[in-house]
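Listed below are the residues making up each chain.
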Amino acid sequence: MTSSSATSSTLPGLTGGPKATPDDILLASVASTGSVGAFETLVERYSRRVYALIVRIVGSGADAEELTQDVMMRVFDRAAAFDGRSAVGTWIFRIAYNMAIDHTRREQRRADRPQGNEQSDILADRAAESDADDPMVDVLEEALRTLPPSDRALITLYYYDGHPVAEIAEITHMSQSNVKVRLMRLRDRLRTAITTLSTSPSAL
């Protein structure tokens, strides 16, 4: 009984709070002892999903790999700062979203032009991997390339990764109503783009 009490008291932001989840316990172990094993488990659970979000925002596979490593190292470094007001996964995706958006802003300032070519390459590769026999996959990916990075993030979080609106609001620092409105507008925009692209001569 004493060991259970001691464990709960070390959980960041959870003293007297809700029952700890497995991710809470892992993060608490990282925060309190610097456990490499616990950190590696978190990396295994989240790194692929973090990469999937980041690559859609930044458009570069190489940059996404580097940023994913940076995100997970930031999780390690800031584990003790986790306050328990959101799920551990939400907190990790918030870090990933912020770092990816910051990266795109730096790159756009540096190049003074919108991103394009490598975004096309990486999304085309992912489309081919997902379903090489379905031409509509290519059309969808091409339509996604017309969106700015923050909107691609919303689509990825909601449709590809299945996050609920409330969690997306926490990750992106938006209100829930704003997320709902933007998703509705993005659906309409993508529907129009898909219709246009699928009926164009190049799509036939």
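In this text, all values refer to a predicted model and were calculated from it rather than measured experimentally.

Asks: Just to check I follow, could you spell out the side chain of T172 for this structure?
Replies: Relative to the assigned elements, T172 resides in helix α9 (residues 165–172). Given a relative accessible area of 6%, T172 falls into the buried group. Reaching out from T172, the side chain makes a polar contact with the backbone oxygen of I168 at a distance of 2.7 Å. Residues in contact with T172, not counting those within four places in the same chain, are Y97, L154, L157 and V179.

Asks: Could you clarify how one ought to interpret the side chain of R152 in this entry?
Replies: Along the chain, R152 falls in helix α8 (residues 149–160). On the basis of relative accessible area, R152 is assigned to the buried category, the value being 6%. From its side chain, R152 meets the backbone oxygen of L147 in a polar contact 2.7 Å long.

Asks: Just to check I follow, could you spell out the pattern of salt bridges for this structure?
Replies: Two side chains carrying opposite charge are able to pair once their charged atoms lie near each other. Summed over the entire model, instances satisfying the criterion amount to 7 salt bridges. In this structure, the salt-bridge partner of E170 is R94, at a minimum N-O distance of 3.6 Å. Taken together, the positions of E170 in helix α9 and R94 in helix α5 (residues 88–111) put the pair 76 residues apart, joining distant regions of the chain. Given a relative accessible area of 34%, E170 falls into the partly exposed group. Relative accessible area serves as the criterion here: at 18%, R94 is assigned to the buried category. A salt bridge links D102 to R105, with the shortest nitrogen-to-oxygen separation between them at 3.9 Å. Separated by 3 residues within a single helix, D102 and R105 lie in helix α5, roughly one turn from each other.

Asks: Teacher, can you tell me more about the packing of helix α3 (residues 36–58) against helix α4 (residues 61–77) here?
Replies: The geometry of α3 relative to α4 is characterised by a closest axis approach of 8 Å and an angle of 140° between their N-to-C directions. Comparing their axes, α4 and α3 come out oblique. The interaxial crossing formed by α3 with α4 has right-handed handedness. Along its contact with α3, which presents F39, L42, V43, S47, V50, Y51, I54, V55 and V58, the element α4 presents G61, D63, A64, E65, L67, T68, V71, M72, M73 and F76. Grouping the amino acids of the contact of α3 with α4 by side-chain chemistry returns 14 nonpolar, 3 polar and 2 charged.

Asks: Honestly, the packing of α8 against α9 in this entry has me stumped. Any pointers?
Replies: Here α8 crosses α9 at 145°, and the two axes come no closer than 10 Å. Of the two elements, α8 crosses α9, and the hand of that crossing is right-handed. Here L154, L157 and Y158 of α8 lie close against α9, whose contacting residues are V165, I168, I171 and T172. When the residues that make up the contact of α8 with α9 are grouped by side-chain class, the tally is 6 nonpolar, 1 polar and no charged.

Conventions and cut-offs
- Residues numbered from 1 in each chain as written.
- Predicted model: local features only at pLDDT ≥ 70, side-chain atom pairs only at ≥ 80, totals over all residues.
- Heavy atoms only, no water.
- Helix = DSSP H or I, 4+ residues; strand = E, 2+ residues; numbered from the N terminus.
- Buried < 20%, exposed > 50% of the residue type's maximum accessible area, 1.4 Å probe, protein only.
- Polar contact = N/O pair within 3.5 Å; in protein donor to acceptor, adjacent residues only side chain to side chain.
- Contact = heavy atoms within 4.5 Å.
- Salt bridge = Lys/Arg side-chain N within 4 Å of Asp/Glu carboxyl O.
- Axes fitted to C-alpha atoms, helices over the stretch in contact; angles between N-to-C directions.
- Parallel < 35°, antiparallel > 145°, perpendicular 65-115°, else oblique.
- Left-handed = near helix turned anticlockwise from the far one by under 90°.
- Nonpolar A, V, L, I, M, F, W, Y, C, P; charged D, E, K, R; others polar.

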